[in-house]
Amino acid sequence: DLSTRLRHPNILKAVDCGVKDGEFVLLMEHVDGVSLAGALRVAARRHERVPLSAALHIAGAVLRALGYVHELRDPSGEHLGMVHRSVSPGNILLGLDGHVKLAAFGVARSNSDERTRGVRYMSPEQIAGRDLDRRSDLFSAGAVLFEMLTGAPLFGGATDREVLHRAYGADITPLAEPDTRLPLELRLILACALELDRTERFQAASEFSEALAAFAGHVRIPVEKTSTSAWLSALEIASASDGRRRAAPPVHPDGTAARPR
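Given the structure is predicted, the values throughout are model-derived calculations rather than measurements. (Residues numbered from 1 in each chain as written. Predicted model: local features only at pLDDT ≥ 70, side-chain atom pairs only at ≥ 80, totals over all residues. Heavy atoms only, no water.)

Student: Where do I start with the overall build of the chain in this structure?
Tutor: Counting its regular elements, the chain contains 9 helices and 5 strands. Listed N to C, the secondary structure of the chain is β-β-β-α-α-β-β-α-α-α-α-α-α-α in terms of helices and strands. In the chain, buried positions account for 45% of the 261 residues. Summarising the internal contacts of the chain: among those between residues at least 6 apart in sequence, 65% fall at separations of at least 24. On the chain, roughly 13,500 Å² of surface is accessible, and the fraction owed to carbon and sulfur atoms is 52%. (Helix = DSSP H or I, 4+ residues; strand = E, 2+ residues; numbered from the N terminus. Buried < 20%, exposed > 50% of the residue type's maximum accessible area, 1.4 Å probe, protein only. Contact = heavy atoms within 4.5 Å. Areas by Shrake-Rupley, 256 points an atom, 1.4 Å probe, with all protein chains shown as cover.)

Following this line, the structure appears as structure tokens:
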């Protein structure tokens, strides 16, 4: 299986595969951490946003993973044209040590609730059922980055119909809202990633990641895994190495996380 041959530090590794009870099964590497979706939920309860340094580190790691798979070729040298199709916070894993892993292409799994939320990160062409290419993944990565930076999904709405309508038209008016508190250079980068017309977007993951790196250099923000590990530590997300199911910190009625005694 191709999934077992993917080798990149930012892609969740499939260590083995086989058939059990008539079903194909993949054994995945263990990540001692939490999904980005889980971390964002904890941050929302605490009324906090992802620190800019951590958001840029996570986005950069996801883009490196996408770039690797988008460029994969078969043994004869023919381009495989792989597309993830499900770049979303639920499929991005954050190790407590700061490492970032994108659930492998064709391997990502989620419950029905996460699939519904995943619509918020789909490109307009994916929602319309058109053929997809790497630029669809870059749109989704841009939507994830927007949510990390603002604390709210790009495509909000009271109903699924509202969300779909906004996503289909790539309605990025939230970028123009003053309360986003995003620097102009960063807004322009996001606007490029989220263009309705994919020919106007970044054409490769490397272009997107280089733009983010240039921005970080201009504003002198360190983009390192320690930024992500420090953020998770501040959220009080504990290790699950003892084998117990990880849970978010207890939450008080006012929405703030309780501190352990």
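That was the structure; now back to the text.
Student: Quick question: what am I supposed to make of the nonpolar core here?
Tutor: It is characteristic of soluble globular proteins that their nonpolar side chains tend to be buried jointly. If you look at the biggest cluster of nonpolar residues, it comprises 61 residues, and the most contacted ones within it are Met148 and Trp231. Among the elements that line this core, the one with the most residues is helix H2 (residues 52-70), at 11 residues. If we skip the residues at most four places from it in the chain, Met148 touches Leu36, Leu40, Val50, Ala55, Ile58 and Ala59. (Core = buried A, V, L, I, M, F, W, Y, C linked by side-chain atoms within 4.5 Å.)

Student: How should I be thinking about the packing of H2 against helix H8 (residues 205-219) in this particular structure?
Tutor: In helix packing, the relevant descriptors are the interaxial angle and the interaxial distance, both defined with respect to the helix axes. Between H2 and H8, the least distance of the axes is 9 Å, while the angle of their chain directions is 155°. On the basis of their axis angle, the class for H2 and H8 is roughly antiparallel. Between H2 and H8 the crossing geometry is left-handed. Residues Leu52, Leu56, Ala59, Leu63, Leu66 and Gly67 of H2 form the contact with H8, whose participating residues are Ala205, Phe208, Ser209, Leu212, Phe215 and Ala216. When its residues are assigned to classes, the contact of H2 with H8 shows 10 nonpolar, 2 polar and no charged. (Axes fitted to C-alpha atoms, helices over the stretch in contact; angles between N-to-C directions. Parallel < 35°, antiparallel > 145°, perpendicular 65-115°, else oblique. Left-handed = near helix turned anticlockwise from the far one by under 90°. Nonpolar A, V, L, I, M, F, W, Y, C, P; charged D, E, K, R; others polar.)

Student: How should I be thinking about the environment of Ala216 in this particular structure?
Tutor: Note that Ala216 resides in helix H8. With 30 residues separating them in the primary sequence, Ala216 and Leu186 have C-alpha atoms 9.4 Å apart. Beyond its immediate stretch of four places on either side in the chain, Ala216 contacts Leu56, Ile221 and Val223.

Student: Hey, could you run me through unusual backbone geometry in this one?
Tutor: Working note: non-glycine residues mostly have negative phi, and peptide bonds are mostly trans. One non-glycine residue, Arg85, lies in the positive phi region at around 75°. Mapping Arg85 onto the fold places it in the loop between H2 and strand S4 (92-95). The phi dihedral of Arg220 is positive, around 55°, even though this residue is not glycine. Note on placement: Arg220 falls in the loop between H8 and helix H9 (225-234). Overall, the relative accessible area of 77% leaves Arg220 in the exposed class.

Student: So what exactly am I meant to see when it comes to the sheet that holds strand S5 (residues 100-102) here?
Tutor: Hydrogen bonds along the backbone pair up the strands of a sheet, which may run parallel or antiparallel. Strand order in the open sheet formed by 3 strands is S3-S4-S5, and the pairing between neighbours is antiparallel. The open sheet has two edge strands with one neighbour each: strand S3 (33-35) and S5. Taken over all neighbouring pairs, the strand axes of this sheet differ in orientation by 20° on average, direction set aside. Where S3 and S4 come together, 3 bridges link them in antiparallel fashion. By the bridge assignment, Val34 is partnered in S4 with Leu94. The sheet contacts of helix H1 (residues 36-45) involve S3 and S4, and relative to S3 the element is tilted by about 85°. (Pairing = 2+ DSSP bridges.)

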